[in-house]
Every structure is written in C-alpha cells, then in structure tokens.
Amino acid sequence: MLIIGLTGPTGAGKTTALEVLGELGFTVVDCDALYDELLRWDESLKQELRGAFGDSFFQDGKLNKKALGKLVFADQKAMARLNGIVFSAVGTAVEEIIEKSTARGVVIDAINLVESGLARRCDFTVALTAPAEVRLRRIMARDGIDEAYAKSRMAAQKSDGFYKKHCTFLLENRASSKGEFRQLIREFFEDLMENMEE
C-alpha cells in the first residue's frame, strides 16, 4: 500500500489536493481534523494539555485552540511543548488508520509532517506552497481571522526552502482557479502513480 505525505504552509491548497486524492481512491488522513477529533474524546490527551498549559485554556471541557495558538505562536518553548504532546497522540492515531486501511493507499496531510516524524512513514512526500500574499488572503477568509493573527500564524511556519530540502516534491500553487488547481493536482498524482506502478 502506498503512503503519501502531503505538507506545506497554511493556505497553499492542501484541502483541494486531499479532495482529489480521495477521488483517486486514497484513504485521506487530515491531521488537523484528526487532532480536533482526538480533542473530543481522548481524555489522556486533554489531561496532558492541561498539565502543560493549565485549565485556563479549557472552557466547558473544550480546548480554546485560538487562545492557545496565540500563546504558542509567540513562545517557541510553549510551541515545542505543545508539538511534543500533539505529535505523539496524532502519530499513534495515524498508525491505527494505516493498519486498518484497505484502500489504494493512504495520504497523510500534516503541516508538521517532517517535524513530527510522520514523513519517515511515507513512500514519498509532496509539499504544496503558494505566494505569501495569496495564502494570507485565503486563511483570513477561510478561518475568519484578522490580518495580524494570520500573519503570526504564517510567520511561525517553515519557509519554502525547508520544504524543498526535506520533501520529495515541491509544487507551487499558482493556479488562477480551484478548478485549474484540481486538474493540475490530478495530473501530477496520476502521472506519479503510473510511474511508480511500472
């Protein structure tokens, strides 16, 4: 079974790429969504987060991700502490999904694919990037956040050079529409599959 890692900065088009890969017969693992799911039922994860950051980030038993985000994006030690907790919980959950999958393959979408160690689990990795001004507009509209918070999120992420160094492929999303980008992604992965199956 083929395991593909998908990564890149926020706002580059990974969600669209995942839709296409799902249509191509892959089990799609969105690590952000998986983390949100774990926060709903995994009491040990919640307990670890409380131990590291205190009860003030929880309201009615739910983690206030935006408040915690403001803390960790401004404090590298806090970010490292959060990542250590999250990478472990999500990594375990991803392994369970891979073991149960009967699909053509599994695609793992993780913004921290390399840093978390999940990249080592993949047959190859693809990083999607896009121009910074395009990404800024997309994430403000998508997440309903202001420009200052969007820029702080972008500043906390890795540069294109990091992805070029650590990923098998680097694709820049300069498509003029979602439809055009979907077609480019479909052609890229179909060609890749064809070459790998030869």
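Residues numbered from 1 in each chain as written. Predicted model: local features only at pLDDT ≥ 70, side-chain atom pairs only at ≥ 80, totals over all residues. Heavy atoms only, no water.

Remarks on the pattern of salt bridges
If you walk through the whole model with that rule in mind, you get 14 salt bridges. For the salt bridge of R182 with E23, the shortest nitrogen-to-oxygen distance reads 2.6 Å. With R182 in helix α10 (residues 178-197) and E23 in helix α1 (residues 14-23), the pair connects residues that are 159 residues apart, well separated along the chain. Residue E23 is classed as partly exposed on the basis of its relative accessible area, which comes to 45%. Each member of the salt-bridge network shares a partner with another, and the members are E19, E23, K178, R182, R186 and E190. (Salt bridge = Lys/Arg side-chain N within 4 Å of Asp/Glu carboxyl O. Helix = DSSP H or I, 4+ residues; strand = E, 2+ residues; numbered from the N terminus. Buried < 20%, exposed > 50% of the residue type's maximum accessible area, 1.4 Å probe, protein only.)

Concerning helix α2 (residues 31-41)
For an α-helix, the turn length of 3.6 residues means that residues three or four places apart are oriented alike. By the burial criterion, the buried members of α2 are C31, L34, Y35, L38 and L39. For α2, the arc enclosing every buried residue in end-on projection is 145°, short of the 170-degree limit, so these residues lie on one face. Away from its buried face, by an angle of more than 90 degrees, α2 presents the exposed residues R40 and W41. Here the buried face of α2 lies against β2 (26-30), α3 (43-53), β4 (62-63), α4 (65-73), α5 (76-100) and β5 (105-109). Its side-chain oxygen placed 3.0 Å from the backbone nitrogen of D32, D30 serves as the N-cap of α2. (Arc of directions from axis to C-beta. Contact = heavy atoms within 4.5 Å. Polar contact = N/O pair within 3.5 Å; in protein donor to acceptor, adjacent residues only side chain to side chain.)

Looking at the side chain of T125
Take T125: it is sitting in strand β6 (residues 124-129). Classification of T125 by relative accessible area gives buried; the value is 5%. Excluding residues within four positions of it along the chain, T125 makes contact with G5, L113, A119, H166, C167, T168 and F169.

Topic: the sheet that holds β5
In space, the 5 strands of this open sheet follow the order β2-β5-β1-β6-β7, with parallel pairing throughout. Single-partner strands in this sheet number two, and they are β2 and β7 (169-172). Taking the axes of each pair of neighbouring strands and ignoring which way they run, one obtains an average angle of 20° across the sheet. Pairing between β2 and β5: 5 bridges, direction parallel. Of the residues in β5, the one forming a bridge with D30 is D109. The sheet strands contacting α2 are β2 and β5, and the helix crosses β2 at an angle near 65°. (Pairing = 2+ DSSP bridges. Axes fitted to C-alpha atoms, helices over the stretch in contact; angles between N-to-C directions.)

Looking at unusual backbone geometry
Positive phi, close to 55°, is recorded for D60, a residue that is not glycine. Structurally, D60 can be placed in the loop between β3 (58-59) and β4.

Some words on the packing of aromatic side chains
Per the stated rule, a full pass over the model turns up 5 aromatic pairs. Among the aromatic residues, those joined into a cluster by ring pairs are F124, F169, F188 and F189. If you follow K70 out to its NZ or CZ, it ends over the ring of Y149, 5.9 Å from the centre. Just above the ring of F162 sits the side chain of K158; from NZ or CZ to the centre is 5.6 Å. (Phe/Tyr/Trp six-rings, centres within 6.5 Å; stacked < 30°, edge-to-face > 60°. Lys NZ or Arg CZ within 6 Å of the ring centre and 35° of its normal.)

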